[in-house]
Amino acid sequence: MDRTAPMEGTSEGRGSRMIEVRSIDYVPVRERHGKVWHQGPFWFTGNFVLTTMVTGFLGPALGLSLLASVAAVVLGACFGTFFMAFHANQGPRMGLPQMIQSRAQFGIRGAIVPFAAVVFVYVGFNVFNVVLAAQGLRTVFPGGATLWYVLIIGVAIVLAVVGHDLLHLVQRWLTYVLIVVFGVLTVGALVQLDPHSVAAAGHAAHGSWTSFLVVFSAAAGYQISYAVYVSDYSRYLPRDVSARKVIWWTYAGAAGSAAWLMSLGALLASALPHPDAISGIRQVGNAILPGFGTFAVVVSSVALVGIMAVNAYGAMLTTTSAIDAFRAVKPTVRIRIAGIVAIGLIVFTVAMLLPENYLESFNTFVLMMLYFLIPWTAVNLVDFYWVRRGHYAVTAIFNPAGIYGRWSWRGITAYVAGFAAMVPFFSTSFYTGPVTKALGGADLSFVPGLLVGGGLYYLLTRSLDQAAEAAAVAESERELEGTDADGPAAAAARATDGRGGAGRPGPPRTSG
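So, a few notes on the structure that sits alongside this text. Note that this is a predicted model, so its numbers are computed, not measured. The numbering scheme is per chain: residues are counted from 1 as the chain's sequence reads. Local features in a predicted model are, by the rule used here, given only for residues with pLDDT of at least 70; side-chain atom pairs are given and counted only at 80 or more, and totals for whole chains, interfaces and linings are based on all residues. Only hydrogens and water are removed before side-chain values are computed, so all heavy atoms of the structure are retained for them.

As a further point, take the overall build of the protein. Per the secondary structure count, the protein includes 21 helices and zero strands. Reported accessibility uses the Shrake-Rupley method at a 1.4 Å probe radius. Residues are deemed covered only where the shown protein chains occlude them. As displayed, the protein has an accessible area near 19700 Å², and 68% of this comes from carbon and sulfur atoms. Each helix is a run of DSSP H or I of at least 4 residues and each strand a run of E of at least 2, with the numbering of both proceeding from the N terminus.

Aromatic ring pairs are defined here through the distance separating the ring centres and the angle between the ring planes. The criterion for an aromatic pair is that two Phe, Tyr or Trp rings (for Trp, the six-membered ring) have centres within 6.5 Å, with stacked assigned to planes under 30 degrees apart, edge-to-face to planes over 60 apart and tilted to the rest. All chains considered together, the criterion is met by 32 aromatic pairs. Where Phe82 meets Phe83, the ring centres are 5.5 Å apart and the plane angle is 85 degrees; that geometry is what we call edge-to-face. Burial classes: relative accessible area under 20% of the type maximum marks a residue as buried, over 50% as exposed, and values in between as partly exposed (1.4 Å probe, protein chains only). Residue Phe83 is classed as buried on the basis of its relative accessible area, which comes to 15%. Relative to Tyr313, the ring of Tyr233 lies with its centre 5.4 Å away and its plane at 40 degrees, an arrangement referred to as tilted. In this pair, Tyr233 sits in the loop between helix H11 (209-224) and helix H12 (243-271) while Tyr313 sits in helix H14 (residues 292-324), placing the two residues 80 residues apart along the sequence. As far as the burial class goes, Tyr233 and Tyr313 line up, both buried. Among the aromatic residues, ring-to-ring pairing joins Phe79, Phe82, Phe83, Phe86, Phe216, Phe384, Tyr385, Trp386, Tyr392 and Phe446 into one connected group.

Moving on, we get to helix H1 (residues 39-47). Think of an α-helix as turning once every 3.6 residues; residues three or four places apart then point the same way. Of all nine residues in H1, nine are buried; the element is thus mostly enclosed. For H1, the full list of buried residues reads Gln39, Gly40, Pro41, Phe42, Trp43, Phe44, Thr45, Gly46 and Asn47. Whether two residues are in contact is decided by their heavy atoms: any pair within 4.5 Å suffices. Close packing links the buried residues of H1 with helix H2 (50-55), helix H4 (66-88), helix H9 (164-192), H11, H12 and H14.

What follows is about the packing of helix H8 (residues 145-162) against H9. Look at H8 against H9: their axes get within 5 Å of each other, and the N-to-C directions meet at 120 degrees. In terms of orientation, H8 lies oblique with respect to H9. Within the contact between the two elements, H8 uses Leu159, Ala160 and Val162 and H9 uses His164, Leu166, Leu167 and Val170. Here the contact of H8 with H9 is composed, by residue class, of six nonpolar, one polar and no charged. As a rule, the C-alpha atoms of each element are fitted with a line to give its axis, helices using only the stretch in contact, and angles between N-to-C directions run from 0 to 180 degrees. By definition in this entry, angles of less than 35 degrees are roughly parallel, angles greater than 145 are roughly antiparallel, angles of 65 to 115 are roughly perpendicular, and the rest are oblique. Polar here means any residue outside two lists: the nonpolar Ala, Val, Leu, Ile, Met, Phe, Trp, Tyr, Cys and Pro, and the charged Asp, Glu, Lys and Arg; Gly therefore counts as polar.

A grouping of Trp37, Leu169, Trp173, Tyr176, Trp248 and Trp249 is seen on the molecular surface, where their side chains present a nonpolar patch of about 660 Å² in accessible area. Every element with two or more residues in the nonpolar patch is listed here: H9 and H12. It is H9 that provides the largest number of residues to the nonpolar patch, a total of three residues. Patch definition: residues with relative accessible area over 30% and no salt bridge; like charges joined within 9 Å; nonpolar side chains (Val, Leu, Ile, Met, Phe, Trp, Tyr) joined within 5 Å. Any carboxyl oxygen of Asp or Glu within 4 Å of a side-chain nitrogen of Lys or Arg constitutes a salt bridge here.

Between its terminal C-alpha atoms helix H13 (residues 277-288) stretches 17 Å, which fits the 16 Å expected from twelve residues at 1.5 Å a residue. At its buried positions, H13 is contacted by H2, helix H7 (112-137), H9, H12 and H14. The opening residue of H13, the one whose side-chain oxygen lies 3.2 Å from the backbone nitrogen of Ile278, is Asp276. Multiplying 1.5 Å by the helix residue count minus one yields the expected span of that helix. By the criterion applied in these results, polar contacts are pairs of N or O atoms within 3.5 Å in which, for protein atoms, one can donate a hydrogen and the other can accept it, and in which residues neighboring in sequence qualify only through two side-chain atoms.

Within this structure, the stated rule accounts for nine salt bridges. Taking the shortest distance from any N to any O, the salt bridge between Arg235 and Glu20 comes out at 3.2 Å. Highlighted residues: Arg235 in the loop between H11 and H12 and Glu20 in the segment before H1, separated in sequence by 215 residues. Judged by its relative accessible area of 0%, Arg235 is buried. Under the relative-accessibility criterion, Glu20 is labelled buried at 0%.

Shown next, in the form of structure tokens:
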């Protein structure tokens, strides 16, 4: 919530405003709060959703044994989470949301390239989430799909509007509930199910190394997709928080939940002739205790509502950043609410228009969006850890006349080259690259995307004027220190339009 509003711990006493006021603007050091271990449960619950379980179905469907399926999803999830977790360290260092940091690599307007893909991913996942959540809740409660879409999206909007602190609180408490419920469910599944029954019935095909790579890639890509909003939820942490702890807690939460739920999905798919996340959970849970499986489905649906709110919040930040690149946006509470509601309306409309056999086309759509994100994460991480080493002129990120400019050819070139290198490795319903055909269908596109995108960016940035950037960073730090000392309102009053003068970085954005 807004740390500039009257609240406990400030000179103005207890607070009366619950709604967070910050969006794409810088979070001053004096407003930083929270505990680093909160990143663990936040990302545990954020990843402990039915869509994660569905990823575990892939191995048995391709004929892999339960052991091979579990090994593939665990290794893939752990590999993909590595990239996602390292983005978390950017939040406390820069005090900015995740995607707006891309302006340092792509330019203030050039960052629109990854922004567009990110918004589509947010909307796409939320469409899938609302459909699954509605299906789960309708197993217990009356009402048609339209009614439940409205209710679920409405709750997600409220959570996203209140903002950062409430989202952390909800995700943290859901973690405790999910661990207990799915701990019991997992033990029950291990006791009840025979993972050899499907194979004995003749429904499984012969597994192979290619199938293992397909599952590994799917799990890794699924985890990498979370990279686009990691620092949105770490940017309020104190600036001097341990980088190792931020990365570790994020990694432990996200990788732990993914490995658990994907493995459980593999178990269900290995033992059930027609695996389905909702029916599988109900069957196993109700066999443990009548009604327990139904309760587990409801809990899973509630968790989906939580991640929908997280996605809506991130989509609002990314959309606002994109618009701001071409027309200055004052990030007020009203703009935040309007952006989140607009995202909710889009999700509702798309969900209502989906055909019954949407799953295959939807998965292809999401996969294509992930292809666009992989070279972005490579460029962004290389810039932060190897090129600029965490030192940025934050105020210049909001100044078109600043050192990052409107368009940065280095970042855009590396991004396009990384994406192009992935094309021969694509595996979709409408196109299969030649390398993927040679590998028997294994989609390893993330490997060239990461190596080419990140490697080329590093080479292109060897010609950067580090001395000029160092001076801009020092100037930005002086302005930020002033903002932290006398408050964002005073900083805004010193600025003419929130962007500063024509030739020098202006003060960071402030809340309205």
